[in-house]
Amino acid sequence: MNKDNLPEKAEEVYALLKDHFKTFYDTKGSIGKMYRRVDEIGTPVMITIDYDSLKKNDVTVRDRDTMQQVRVKIKNLVDHLRKLL
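This structure is a prediction, so every number in the text was calculated from the model and none was measured. (Residues numbered from 1 in each chain as written. Predicted model: local features only at pLDDT ≥ 70, side-chain atom pairs only at ≥ 80, totals over all residues. Heavy atoms only, no water.)

1. Considerations on the nonpolar core
We count it as follows: By nonpolar core is meant a set of buried Ala, Val, Leu, Ile, Met, Phe, Trp, Tyr and Cys residues that side-chain atoms within 4.5 Å join together. Accessibility here uses a 1.4 Å probe with only protein chains present; expressed as a share of the type maximum, an area under 20% marks a residue as buried, one over 50% as exposed, and anything in between as partly exposed. For the purposes of this entry, the term helix denotes a DSSP run of H or I that reaches at least four residues, the term strand denotes a run of E that reaches at least two, and both are numbered from the N terminus. Contacts are assigned to residue pairs that have any heavy atoms within 4.5 Å of one another.
Core analysis: the largest hydrophobic core is formed by 14 residues, its most contacted members being Val 13, Leu 17, Ile 49, Val 59, Val 61, Leu 77 and Leu 81. Elements represented by at least two residues in this core include exactly helix 1 (6-18), strand 2 (58-63) and helix 4 (77-84). In terms of residue count, the dominant contributor to this core is helix 1 (four residues). Once you skip the residues sitting within four places of it in the chain, Leu 81 turns out to touch Leu 17, Phe 21, Val 45, Ile 47 and Val 61.

2. Examining the confidence of the model for the protein chain
Inclusion rule: Values of pLDDT, which run from 0 to 100, indicate the predictor's confidence residue by residue.
Looking at the protein chain as a whole, its pLDDT mean stands at 93, while 96% of the residues score no less than 70. Strand 3 (residues 69-73) holds the highest mean pLDDT among the elements of the protein chain, 98, whereas helix 2 (residues 31-41) holds the lowest, 89.

This is the structure we're talking about:
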């Protein structure tokens, strides 16, 4: 996570969302451990950044209740989350 411009992209997304939603930025552990951790505390949505995010300027949005994952363009993320939440 902490290499290849992934942190910069994650910080960009975090900055975009923090004025609209209660957010938490986490880089600890594997993605599976992160999913379990946010599920345990009741976080309704988790957003992940990966190498495709750098290429396509999108993110993966995971719904806690359905565990469904969808790719969403960063420019559409706030609207997508408002509809989801």
